[in-house]
Amino acid sequence: MILSSASPASVAFTVAAAAAYAVPAAGAARLSEAAARTALVIAWVLHGAALATGLLGDAPRFGFAPAVSVTAWLVATVYAVEKQMFPQLRARWALAGLGAAAVLLALAFPGTPLHVSASPWLPLHWALGVSAYGLFAAAVVHAWLMQRTEHTMRTGEEPQAGLPLLTLERLTFRFATAGFVLLSGTLLAGIFFSEVLYGRAWRWEHKSVFSVLAWAVFALLLLGRARFGWRGRKAVRVIYAGSALLLLAYVGSRFVLEVVLRRPA
């Protein structure tokens, strides 16, 4: 969520990461398993280098596009770890396309400079929030894979995700639960320590309202899962709804400020 102004090194890493992501995204059907995996690993490393180059700059910036870029990198990290436990998992081409779009978006919209008087705890608060974004994004990816697998089972086609439906369902709810915990911590920190973090009391603005609404939707999801056994299409729809609200909370509000209104937060 924090990036420095676009330095030559950052631009070089970003363009290289986008090119590396494009290889498995565009040539998934033609590449061997080893070649596609290597391209994705290279892209992930370059993506991380682009983010790190920005973080180490003298004039850190933050905005909607860097938040999307960090989220995409976290999802790719989750996939890399999962792939070690579930080698049959197949979502490489979709994640590669997401990564390529995310790094180029962050290059086009690097955000606004962080005020020098900002609290030193603010980056930690943002890190907590963007980690919640990453976990919920992973839940959305798994929910989408679960939906595709269910569809292929109904039509008699070969499953594309590579994992059994029940395994995908368990993983989806694990990511949703972990994201809910981090989102709860982020909201509690914002409510009770807003003056320390932002120098002002908690305000019910667009970001706050959408964040609380997203929290309520995910709380309903987990309650429905525990008490009523929600699963399948109903659970997927609730995950999509909660994630859309969460996307509007920070990314949506920052997009309006930075791109539509063209003014800092």
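Use the structure listed above.
Summarised in this report is the structure supplied together with it. (Residues numbered from 1 in each chain as written. Predicted model: local features only at pLDDT ≥ 70, side-chain atom pairs only at ≥ 80, totals over all residues. Heavy atoms only, no water.)

## Quick word on the overall build of the protein chain
So, point 1. Looking only at helices and strands, the protein chain features 9 helices and 3 strands.
So, point 2. Of the regular secondary structure in the protein chain, the N- to C-terminal order runs β-α-α-β-α-α-β-α-α-α-α-α.
So, point 3. Expressed as a percentage of its 265 residues, the buried residues of the protein chain come to 45%.
So, point 4. Considering only contacts in the protein chain between residues 6 or more positions apart, those separated by 24 or more positions represent 79%.
So, point 5. When the accessible surface of the protein chain is totalled, it reaches about 13300 Å², and 70% of it is carbon and sulfur. (Helix = DSSP H or I, 4+ residues; strand = E, 2+ residues; numbered from the N terminus. Buried < 20%, exposed > 50% of the residue type's maximum accessible area, 1.4 Å probe, protein only. Contact = heavy atoms within 4.5 Å. Areas by Shrake-Rupley, 256 points an atom, 1.4 Å probe, with all protein chains shown as cover.)

## Quick notes on the nonpolar core
So, point 1. Formed by 58 residues in total, the largest nonpolar core has its most connected members in Tyr21, Phe175 and Leu221.
So, point 2. Elements that contribute at least two residues to this core include exactly α1 (8-26), α2 (33-55), α3 (64-85), α4 (92-108), α5 (122-155), α6 (165-192), α8 (206-228) and α9 (232-260).
So, point 3. Per element, the largest residue contribution to this core is 12 residues, and it comes from α5.
So, point 4. Every residue in contact with Tyr21, bar those within four places of it in the chain, is listed here: Leu40, Ala43, Trp44, His47, Ala76, Ala96, Gly99, Ala100 and Val103. (Core = buried A, V, L, I, M, F, W, Y, C linked by side-chain atoms within 4.5 Å.)

## Structural notes on the environment of Ser184
So, point 1. For Ser184, the location among the structural elements is in helix α6.
So, point 2. Considered as a pair, Ser184 and Val212 are 28 residues apart in the sequence and their alpha carbons are 9.2 Å apart.
So, point 3. Only 2.7 Å separates the side chain of Ser184 from the side chain of Trp215, close enough to count as a polar contact. (Polar contact = N/O pair within 3.5 Å; in protein donor to acceptor, adjacent residues only side chain to side chain.)

## Side note on the packing of α6 against α8
So, point 1. Where α6 meets α8, the closest approach of the two axes is 10 Å, and the angle between their N-to-C directions is 140°. Taken together, the axes of α6 and α8 lie oblique to each other. Relative to α8, α6 is oriented so that their crossing is left-handed. Contacts between α6 and α8 pair Glu169, Phe173, Ala176, Thr177, Phe180, Leu183, Ser184 and Leu187 from the former with Ser211, Val212, Ala214, Trp215, Phe218, Ala219, Leu221, Leu222 and Arg225 from the latter.
So, point 2. Split into classes, the residues belonging to the contact of α6 with α8 amount to 12 nonpolar, 3 polar and 2 charged. (Axes fitted to C-alpha atoms, helices over the stretch in contact; angles between N-to-C directions. Parallel < 35°, antiparallel > 145°, perpendicular 65-115°, else oblique. Left-handed = near helix turned anticlockwise from the far one by under 90°. Nonpolar A, V, L, I, M, F, W, Y, C, P; charged D, E, K, R; others polar.)

## Thoughts on the packing of aromatic side chains
So, point 1. One pass over the full model with this rule turns up 6 aromatic pairs.
So, point 2. Aromatic side chains Phe64 and Phe109 sit 5.5 Å apart centroid to centroid with 45° between the ring planes, which places their arrangement in the tilted category. Of this pair, Phe64 sits in helix α3 while Phe109 is found in the loop between α4 and β3 (112-113), placing the two residues 45 residues apart along the sequence.
So, point 3. Accessibility expressed as a relative area gives 4% for Phe64, which makes it buried.
So, point 4. By relative accessible area, Phe109 is classed as partly exposed at 32%.
So, point 5. Plain terms: the ring middles of Trp93 and Trp144 are 6.1 Å apart, the flat faces sit at 70° to each other, and that makes the pair edge-to-face. On the criterion of sequence distance, the pair formed by Trp93 in helix α4 and Trp144 in helix α5 is long-range, its members being 51 residues apart. (Phe/Tyr/Trp six-rings, centres within 6.5 Å; stacked < 30°, edge-to-face > 60°.)

## A word on the environment of Ser194
So, point 1. Within the element layout of this structure, Ser194 appears in helix α7 (residues 194-198).
So, point 2. Among the residues examined, Ser194 registers a relative accessible area of 5% and is labelled buried.
So, point 3. Separated by 72 residues in the primary sequence, Ser194 and Leu122 place their C-alpha atoms 9.7 Å from one another.
So, point 4. Each residue touching Ser194, except ones within four places of it in the same chain, is listed here: Ala189, Gly199, Arg200, Ala201 and Trp202.

## Things to note about a nonpolar patch on the surface
So, point 1. A contiguous nonpolar surface patch, about 520 Å² in accessible area, is contributed by Leu188, Ile191, Phe192, Phe193 and Val196.
So, point 2. Per-element tally for the nonpolar patch: the top contributor is α6, with 3 residues.
So, point 3. One can find Ile191 in helix α6. (Patch = residues over 30% accessible without salt bridge, like charges linked within 9 Å, V, L, I, M, F, W, Y side chains within 5 Å. Salt bridge = Lys/Arg side-chain N within 4 Å of Asp/Glu carboxyl O.)

## Some points on the pattern of salt bridges
So, point 1. The tally for this structure, following the rule as stated, stands at 4 salt bridges.
So, point 2. Linking Glu169 and Arg225 is a salt bridge whose minimum nitrogen-to-oxygen distance equals 3.6 Å. Of this pair, Glu169 sits in helix α6 while Arg225 sits in helix α8, and the two are 56 residues apart along the sequence.
So, point 3. Judged by its relative accessible area of 28%, Arg225 is partly exposed.
So, point 4. Between Arg254 and Glu258 there is a salt bridge, with the nearest N and O atoms lying 3.0 Å from each other. On the criterion of helical spacing, the pair formed by Arg254 and Glu258 is a turn pair, its members being 4 residues apart in helix α9. Like Glu258, Arg254 is buried.
So, point 5. Residues joined by salt bridges that share partners form a network here, namely Glu169, Arg225 and Arg231.

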